[in-house]
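Observations on the model geometry
Here are the chains, one letter per residue:
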Amino acid sequence: MHVEVPVPAPAKDEVLLKVEAASLNPLDWKLQKMTWGSSFMLQFPHIPGIDVAGEVVEVGARVKEFKAGEKVVSVLSHVWGGGLAEFAVAKENLTVSRPSQVSAAEGAGLPISGLTALRALIEEVDIKLDGSGKQKSILIEGASGGVGHHAVQLAKLGNTHVTATCGTQNIDFVRSLGADEVLPYKTQTLIWSLSGRKYNAVLHCSTGIPQSIANLSTNREVIDLTPVVSTKWTRDVRTFFRKKQLVPKFVSLKKKNLAYLVGLKEGKLKTVIDSKHPLSKAEAAWTKRIDEDGDASGKIIVEP
C-alpha cells in the first residue's frame, strides 16, 4: 500500500536523507511476517527498508560529522524502518560517507548483507582479510544472494579456499566472484571439497536447515547467517551432534565496520545488483525478494 506521510524530522543525533536507493533484505519481510514482530517490534504505519543510500538534507543539533549535501550510506532503525520512501531519518552513528565512485544502488546494497558476512568471517572463522592468516577452507551455502556474494569476495581477501553452492543458473556468476569451486545446490555436500580439502567452517547463507550439518567434522562449525529457528531448537541440534555445532549468527551494526566495507569498494568488493525497481512499483521488488529468497543474483534495489 502506498500512502502519503509527512517528511520526518531528524532528532538531535540523526540526519534527514533524501533517499536515492534502498535495498531489500530477508529481514525486512521476515519482520513483517512475524505476528509477534508486528505487535511488539514494529511501529505503525511501518515503512519497510533499513539499508539506504542518499543525500543529507538536514542534520540534528548534535550531529557533527555530516552537513547538507553530503552523500552517505546508512542503516535505519529496525523498529521504524523507512527505506521505501523519498525521505528517511538515520542515526549519525550508523551513517558513513559514500565516495563518489560508489553508486547509490551499490551503497544501499551493502550494509546488512556485507556486515553479516564480515562478522562471520572475522569473528567466527578468524579470517584475516589482509591475507596474513593461516590458509583456511570454507563452504558458503547460498553464495549468489546478498550475504553470500559478499561473503565469497570478503573470504577471498583472506588466505581462504572457497567452495560455494548456488542454483545452477548462478554457477558462472558465483565463479566470477572468485570462488575456487562452485557446486549446484542438489550436489551431495561433504566435509571435503572437490579438491579434497576439509572445511574449517560452513557459512549457511540460504534458507532452510543447512545441508552440511550432519556431515560436519568434529569441533567445526556451521554458521547460520539466516537463522529462523528457535534458540531451543539450535541448542537441541548442538546436543544431538555433540561437538558438531550449528551457530546462529545475527548482524552486528558497527559504524567502523560499515565504513571499512564502503572503503573496500575500489576493486576489492563489489555489490552486484540483481534488479532495480521504482518506488512506485515497490510491491514488485517486495514480491521478488520473497519469491527469489536464496536464488537472487545479488541485491534487489528500489529507487525513488
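Each value, and the rule that gives it
- Residues numbered from 1 in each chain as written.
- Predicted model: local features only at pLDDT ≥ 70, side-chain atom pairs only at ≥ 80, totals over all residues.
- Heavy atoms only, no water.
- Helix = DSSP H or I, 4+ residues; strand = E, 2+ residues; numbered from the N terminus.
- Buried < 20%, exposed > 50% of the residue type's maximum accessible area, 1.4 Å probe, protein only.
- Areas by Shrake-Rupley, 256 points an atom, 1.4 Å probe, with all protein chains shown as cover.
- Pairing = 2+ DSSP bridges.
- Right-handed = clockwise from strand over helix to strand, strands pointing away.
- Axes fitted to C-alpha atoms, helices over the stretch in contact; angles between N-to-C directions.
- Parallel < 35°, antiparallel > 145°, perpendicular 65-115°, else oblique.
- Left-handed = near helix turned anticlockwise from the far one by under 90°.
- Contact = heavy atoms within 4.5 Å.
- Nonpolar A, V, L, I, M, F, W, Y, C, P; charged D, E, K, R; others polar.
- Salt bridge = Lys/Arg side-chain N within 4 Å of Asp/Glu carboxyl O.
- pLDDT = per-residue confidence, 0-100.
- Core = buried A, V, L, I, M, F, W, Y, C linked by side-chain atoms within 4.5 Å.

1. What to know about the overall build of the chain
A count of helical and extended segments in the chain gives 9 helices and 13 strands. The buried share among the 304 residues of the chain stands at 53%. Total accessible area on the chain is roughly 14200 Å²; 53% of this is exposed by carbon and sulfur atoms.

2. Some points on the pairing of strand 7 (residues 160-166)
Most of strand 7 is tucked away, with 7 of its 7 residues classed as buried. Of the two faces of strand 7, the one carrying Thr160, Val162, Ala164 and Cys166 and the one carrying His161, Thr163 and Thr165 are both buried. Pairing between strand 6 (residues 136-141) and strand 7: 6 bridges, direction parallel. Counterpart to Ile140 in the pairing with strand 7 is Ala164. This β-α-β element, strand 6 to helix 5 (residues 146-157) to strand 7, shows right-handed connectivity. In terms of strand pairing, strand 7 meets strand 8 (residues 181-184) through 4 bridges, oriented parallel. Within strand 8, the residue paired with Thr163 across the bridge is Glu181. Read from strand 7 through helix 6 (residues 171-176) to strand 8, the crossover connection turns out right-handed.

3. Some words on the packing of helix 4 (residues 111-124) against helix 5
For the pair helix 4 and helix 5, interaxial distance at closest approach is 8 Å and the crossing angle is 45°. Comparing their axes, helix 5 and helix 4 come out oblique. The hand of the helix 4/helix 5 crossing is right-handed. The segment helix 4 lies against helix 5, with Ser113, Gly114, Thr116, Ala117, Leu118 and Leu121 engaging Gly146, Val147, His150, Ala151, Leu154 and Ala155. Residue classes in the contact of helix 4 with helix 5 are distributed as 7 nonpolar, 5 polar and no charged.

4. Overview of the pattern of salt bridges
The tally for this structure, following the rule as stated, stands at 11 salt bridges. Of the charged contacts, one joins Lys255 and Glu65 as a salt bridge, the two residues approaching to 2.5 Å between their closest N and O atoms. In this pair, Lys255 is assigned in helix 8 (residues 255-263) and Glu65 in the loop between strand 2 (51-59) and strand 3 (71-75), connecting sequence segments 190 residues apart. Judged by relative accessible area, Lys255 falls into the partly exposed class, the value being 21%. Given the relative accessible area of 43%, Glu65 is considered partly exposed. The shortest N-O distance in the salt bridge between Asp172 and Arg175 comes to 3.3 Å.

5. A closer look at the confidence of the model for the chain
In the predicted model, the chain carries a mean pLDDT of 83, and the fraction of residues at 70 or more is 76%. Predicted confidence is poor over residues 214-218, with pLDDT under 50, and the contacts of this stretch with residues over four places away or in other chains come to 15 contacts.

6. Some thoughts on unusual backbone geometry
A negative phi holds for most residues other than glycine; trans holds for most peptide bonds. For Asp126, which is not glycine, the phi dihedral falls at a positive 60°. Position of Asp126 relative to the elements: it lies in the loop between helix 4 and strand 6.

7. What to know about the nonpolar core
Formed by 69 residues in total, the largest nonpolar core has its most connected members in Ile138, Ile140, Leu154, Val174, Leu203 and Leu261. Setting aside residues up to four positions removed in sequence, Ile138 forms contacts with Leu121, Val125, Ile127, Ala155, Thr160, His161, Val162, Thr163, Tyr199 and Ala201.

8. Quick look at the environment of Val7
Within the fold, Val7 resides in the segment before strand 1 (14-24). Setting aside chain neighbours within four positions, we find Val7 in contact with Leu16 and Phe87.

9. Digging into the environment of Asn93
Among the secondary structure elements, Asn93 is positioned in the loop between strand 4 (87-91) and strand 5 (95-97). Taking relative accessible area as the criterion, Asn93 reaches 52% and is therefore assigned exposed.

10. Focus: the environment of Val147
With respect to the helices, strands and loops of the structure, Val147 is situated in helix 5. Take Val147: its relative accessible area is 15%, and that puts it in the buried class. Ignoring any residue separated from it by four or fewer positions in sequence, one finds Val147 in contact with Ser113, Thr116, Ala117, Cys205 and Leu225.

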